[in-house]
Amino acid sequence: MIVDNASDAKAWQEVGDGLTAEVADFVLGTSVADLPEVVVETGRKSILDGLGLALSGSVAASGGIVRAHLDSLGLGAGPATVIGSAMRVAPRFAAFANGVGIHADDYDDTQLAVAPDRVYGLLTHPTAPALPAALALGEAKGASAVDVMLAYHLGVEVECKIAEAINPRHYQTGFHATATCGTFAAAAAAGRLMGLDRDAMLRALSIAGSQSAGLRENFGTMTKPFHAGRSSESGVVAADFASRGWSASSNILEAMRGFFRAAGGGYDAGAIRGKLGKPWTFEDPGVSIKPHPSGSLTHPGMTEMLRLIRENGITADQVVRVRVGTNSNMPNALIHHRPTNELQAKFSFEFCMAILLIEGRGGLPEFTDEVVNRPDVQAIIEKVDFVVDERAEAAGYHKMTTYIDIELADGRTVSGVADFGKGSPANPMSYDEVAGKFHECAEFAGWDRARAERVVSMVAEFENLGSLEQLMAELRK
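This part takes up the overall build of the protein chain. When you go through the protein chain residue by residue, the secondary structure sums to 21 helices and 10 strands. Rg of the C-alpha trace for the protein chain: 22 Å, near the compact-globule value of 23 Å for 477 residues, within the 12% margin. Taken along its principal axes, the extent of the C-alpha atoms in the protein chain is 70 × 55 × 40 Å. Each of the 477 residues in the protein chain was classed as buried or not, and the buried ones make up 60%. Sequence-distant contacts, at least 24 apart, represent 78% of the contacts inside the protein chain between residues at least 6 apart. A total accessible area of about 16900 Å² is found for the protein chain, and carbon and sulfur atoms account for 51% of it.

Moving on, we get to the sheet that holds strand β8 (residues 384-388). Strands sit in the order β8-β7-β9-β10 across an open sheet of four strands; the sheet is mixed. Pairing within the sheet leaves two strands with one partner each, and these edge strands are β8 and β10 (413-418). Taking each pair of neighbouring strands and ignoring which way they run, the sheet shows an average axis angle of 15°. On the sheet, helix α15 (residues 349-359) packs against β7 (319-326), β8 and β9 (402-408) and is oriented at approximately 135° with respect to β7.

A few words on unusual backbone geometry. The amide bond that connects Lys278 to the next residue, Pro279, takes the cis arrangement and shows omega of -5°. For the peptide bond that leads from Asp284 to Pro285, omega is 10°, which places it in the cis range. Looking at the secondary structure, you find Pro285 in the loop between β5 (266-268) and β6 (287-288). One non-glycine residue, Asp106, lies in positive phi territory at about 50°.

Among the secondary structure elements, Gly446 is positioned in the loop between α19 (431-444) and α20 (449-460). With relative accessibility at 61%, the residue Gly446 sits in the exposed group. The spatial distance from the C-alpha of Gly446 to the C-alpha of Gly264 is 42 Å, given a sequence separation of 182 residues.

Attention now goes to the side chain of Glu159. By the secondary structure assignment, Glu159 is in helix α7 (residues 145-165). Of the side chains bearing the opposite charge, Lys224 lies closest to the buried Glu159, which forms no salt bridge; the N-O distance is 11 Å. Setting aside residues no more than four positions away along its own chain, Glu159 makes contact with Thr124, His125, Pro126, Pro129, Ala130, Thr178, Cys181, Gly182 and Ala185.

Our focus in this paragraph is the pattern of salt bridges. Tallied over the entire structure, the rule returns 33 salt bridges. Here Asp405 makes a salt bridge to Arg323, at a shortest N to O gap of 4.0 Å. Placement of Asp405 in strand β9 and of Arg323 in strand β7 is noted, with a sequence separation of 82 residues between them. On the accessibility criterion, Asp405 (22% relative accessible area) is partly exposed. On the basis of relative accessible area, Arg323 is assigned to the partly exposed category, the value being 30%. Residue Arg454 is joined to Glu474 by a salt bridge in which the shortest nitrogen-to-oxygen separation is 2.8 Å. With Arg454 in helix α20 and Glu474 in helix α21 (residues 469-474), the pair connects residues that are 20 residues apart, well separated along the chain. By relative accessible area, Arg454 is classed as partly exposed at 40%. On the basis of relative accessibility, which here comes to 13%, the residue Glu474 falls in the buried class.

Calculation notes
- Residues numbered from 1 in each chain as written.
- Predicted model: local features only at pLDDT ≥ 70, side-chain atom pairs only at ≥ 80, totals over all residues.
- Heavy atoms only, no water.
- Helix = DSSP H or I, 4+ residues; strand = E, 2+ residues; numbered from the N terminus.
- Rg over C-alpha atoms; globule rule 2.2 N^0.38 Å.
- Buried < 20%, exposed > 50% of the residue type's maximum accessible area, 1.4 Å probe, protein only.
- Contact = heavy atoms within 4.5 Å.
- Areas by Shrake-Rupley, 256 points an atom, 1.4 Å probe, with all protein chains shown as cover.
- Pairing = 2+ DSSP bridges.
- Axes fitted to C-alpha atoms, helices over the stretch in contact; angles between N-to-C directions.
- Lys, Arg positive; Asp, Glu negative; His and termini not counted.
- Salt bridge = Lys/Arg side-chain N within 4 Å of Asp/Glu carboxyl O.

Now the structure itself:
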């Protein structure tokens, strides 16, 4: 059920026939009763995580620029909240601003690949495009929280299954899947909340496909979170135009001139056919919540480095050299070896190792321009060698296998290896642990702890909230 550019037109048609329609039918035909309890429980953690990240992202430099841009449009007040601010705008712009905010610190959840030819942890960030679209439309339309929750889950499932299906070349040669596949997530979530019929949903997905864009060369800059915001906005725009009768094709995913062929050169129809919600991605293979505001590929190494530091009492002044060995796909994403700002540091294994050795932690306060450029940090960065290790390469790209060797001044070498990091389904965070991360983000944004705790309590009962008004009021200045 795999087709690629070598396949003839007949093969493309036979394998992909009706695939976009299957996605549309899933979005429109699924009810909240179809969500397993484990999916609802896991989803609450990602929703809380996303809200906290929108708060911390609101005080990033990108947050101020986004709000200044929206203010300059002169559009006046709207029904949807820009989290972390007093601003309320049209749904498309709230989706954009909150999508940027959630992804601003590269601290948001990550879909996990399972096939050995796919890069584990790098398929897409599911919440950043899906949640802002669902919140914006839900708030604007006065939808119930349970309907917003369902729309969010539908968006995440569509996004993740499309990311699983497309040829891995899509990511490896430069596309950012959060930007590309995330557009379909937002269109699905928005379309469901807008009550689109089948024909309109097909057109919404098609309009979304024509807006799908984002290049990995912009990793380590503000344009990476711009991708997440724009994908969420684009999905809302797609659903709105479809609701108004805008014409578009009905087979955008599988067509010879459609998304899968143009953006990936091929796809595996079996990753979607009969697989939407069977099982839900939140259930299997799972979604990873980040313990550190850096690229997900750094997390197994950071988890293992912290263990080695704590168990061996290692301090930075003892270190002569650190060797970090991974598979060859990881340096393809962690591209900043001598970072000079916080955004580059998020994609620098060297910085991530150095800051743990110096500070014993790597949270939001550590990922700042000031810390990155401290002389002691830069000195330890120079002692870290990030290389391709044949053992990690042999383990497959669906793992983030990381080997660490720390040479110490007393002649010892302390070594460790990890495939998965804290927050992954193999080592998950509890709701209370995610709440701790939420409080870190809220404090970083200057939020009162009691107010933040009210959000934690509300999200724990998200589907029982009624409307979103009380929750969103706690997230506004």
